[in-house]
Amino acid sequence: MLSRLSELIWADWIWFPEGHGWADLKDHDGKVFPNPKDLWATIPIALCFLVIRQIFERTVAIPLASLLGVSDKQRVGASPNPVLESYFCSTSKHPKQSSIESLSKQTGCSVRQVQRWFRRRRNQDRPSKLKKFREASWRFTFYLLAFFAGLAVLIDVSILSEMFPLLPSQYWYYMIELGFYISLLVSVASDVKRKDFKEQIIHHVATIALISFSWLVNYIRAGTLIMLVHDAADYLMESAKMFNYAGWRRTCNFIFTMFAAVFIVTRLIILPFWIIHTTFVYPLTLYSPFFGFYFFNGLMCVLQVLHIFWAVLILRMVVKFLPGNDIVEDERSDKEETESDDEDGDCEHREKSRNGHVQNGHTVLNNNHSKRD
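Counting restarts for each chain: residues are numbered from 1 in the order of the written sequence. Reporting in this predicted model follows two pLDDT cut-offs: at least 70 for local features of residues, and 80 or more for side-chain atom pairs to be given and counted; totals over whole chains, interfaces and linings ignore these cut-offs and use all residues. Side-chain descriptors were evaluated using all non-hydrogen atoms of the structure, hydrogens and water having been removed beforehand.

**Thoughts on the pattern of salt bridges**
We count it as follows: By salt bridge we mean one thing: a side-chain nitrogen of Lys or Arg within 4 Å of a carboxyl oxygen of Asp or Glu. Under the DSSP-based scheme used, a helix requires at least four consecutive residues in state H or I and a strand at least two consecutive residues in state E, with every element numbered from the N terminus. Each residue's exposure class comes from its accessible area (1.4 Å probe, protein chains only) as a fraction of the maximum for that residue type: buried when under 20%, exposed when over 50%, partly exposed otherwise.
Inspection of every chain in the model, using the stated rule, returns 7 salt bridges. Taking the shortest distance from any N to any O, the salt bridge between glutamate 57 and arginine 53 comes out at 2.8 Å. Highlighted residues: glutamate 57 and arginine 53, both in helix α3 (residues 42-68), separated by 4 residues, approximately one helical turn. Each member of the pair, glutamate 57 together with arginine 53, is buried. Residues aspartate 234 and arginine 267 are paired through a salt bridge, measuring 2.8 Å at the closest nitrogen-oxygen approach.

Below, the structure written as structure tokens:
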């Protein structure tokens, strides 16, 4: 039963054009072709990346952060309050005004104090600038090395349609890239979560599927070009983040401008109008459409939609940058919330003071001012 199901799933007519099949990918005449079993090597490679990353962040990223002057401002923690903590963890981190007023009555704190407690509590959960720098420096290092490795591997520009023998450099390029993306998918739970978290997950899954499939059916020329086009812009973005966290504003703005230009050229021009056009249009002049054709190009379209989504975010940052803003802010990042110096004391102090004759010499104020939370 399982054997029959496997034969149906991996039937030649599903994954290959007419006249071709898995038999064409068997080594012959001294030529080596991709082997599906090779993909198992990406699992230990991904595990190695996870270990190497921890070592890199401790031995390279942290000293580099210190050298560049990356530092976190002191955060004021939220005072212990069981009622507010319970609401924060079980109900919402962003309570509505009606909920704030109800919590104010339960705790004996003013509305402003409850609002400030939630701001401080949310800030406690936000990743530190050093953590962001460590993550960016790790990705910058890999993407930079991968980009130049891809240039070295790309020996000719033939894409799809013909069966090419596998080169050792292509084997290692594929295995390392795929292992890296698997490690990103594994570590995504502990990495800095941004507003495009779901899109990042979709991107990682689609990339892993695309790289794996292109390996299985020997679309290695197309796969190599796709990975190279992606790495061309990624290392610029990560380096811009690094200088952003270090406070090097002019350097960050300059690199970000370069990144925006490279991203638009590679992801919105080269990829759709050259690579996707070649993988989608050219094969139809030689073969009838087949499932593998639609599957491969479907994954390409998923990535392209994500590129358009990110291009919109990039352009929004460019718009903020052009008028002369001090620094380009990552649209995907949550900004740390600030608080005014003239606000009431915290809830813990309030809880103690309300039992006395006066409350810090102030009356309890309602939230009549507008403040972005």
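**Thoughts on the nonpolar core**
Test applied: To qualify as a nonpolar core, a set must consist of buried Ala, Val, Leu, Ile, Met, Phe, Trp, Tyr and Cys residues joined through side-chain atoms within 4.5 Å.
One finds Phe256, Phe259 and Ile314 to be the most contacted residues of the largest nonpolar core, which totals 46 residues. Secondary structure elements with two or more residues in this core: α3, α7 (129-153), α8 (168-187), α9 (197-216), α10 (220-246), α11 (249-280) and α12 (291-321). The greatest single-element share of this core, amounting to 9 residues, is contributed by α10. One finds Phe16, Val217, Phe293 and Leu303 within the second-largest nonpolar core, a separate group that totals 24 residues.

**What about the environment of leucine 25?**
Note that leucine 25 resides in the loop between α2 (12-15) and α3. With a relative accessible area of 7%, leucine 25 lands in the buried category. It is 9.0 Å that separates the C-alpha atoms of leucine 25 and leucine 216, two residues lying 191 residues apart in sequence.

**Examining the confidence of the model for the protein**
Threshold: pLDDT expresses how confident the predictor is about each individual residue, on a scale running from 0 to 100. Contacts are assigned to residue pairs with any non-hydrogen atoms lying within 4.5 Å of each other.
Here the protein shows a mean pLDDT of 81. Residues at 70 or above account for 82%. Every residue in residues 157-161 scores below 50 in pLDDT, and together they form 14 contacts with partners more than four places removed in sequence or on other chains. Note that pLDDT drops below 50 for residues 351-373; the model gives that stretch 30 contacts with residues more than four away or on any other chain.

**As for unusual backbone geometry**
A positive phi is found at asparagine 218, a non-glycine position, where the angle reads about 65 degrees. Among the structural elements, asparagine 218 can be located in the loop between α9 and α10.

**Considering the packing of aromatic side chains**
Aromatic rings in a pair are described by how distant their centres are and how their planes are angled relative to each other. The criterion, for reference: In summary, the pairing rule links any two rings of Phe, Tyr or Trp, Trp by its six-membered ring, whose centres are within 6.5 Å, and it sorts them by plane angle into stacked for under 30 degrees, edge-to-face for over 60 and tilted for everything else.
Scanning the model with the defined rule gives 32 aromatic pairs in all. Measuring from centroid to centroid gives 5.4 Å for phenylalanine 243 and tryptophan 248, while their planes differ by 40 degrees, and the two rings are tilted. Through a chain of ring-to-ring contacts, three or more aromatic side chains come together here, namely Trp10, Trp15, Phe16, Trp22, Phe213, Tyr219, Phe291, Phe295 and Phe296.

**Re the UniProt feature "transmembrane region" (unreviewed entry) in the protein**
The line we're drawing: UniProt positions are given in the numbering used here, feature names are shortened, and annotations may be inferred rather than shown by experiment.
Sites flagged by UniProt as "transmembrane region" (unreviewed entry) map to residues 140-159, 171-189, 252-275 and 295-315. Taken end to end, residues 171-189 is 89% helix and 0% strand, and its two terminal C-alpha atoms sit 29 Å from one another. Counted over residues 252-275, helix gives 100% and strand 0%. Its end C-alpha atoms are 30 Å apart.

**Here's the deal with the environment of proline 80**
Residue placement: proline 80 occurs in the loop between α3 and α4 (82-90). On the basis of relative accessibility, which here comes to 66%, the residue proline 80 falls in the exposed class. With 37 residues separating them along the chain, proline 80 and tryptophan 117 place their C-alpha atoms 9.5 Å apart.

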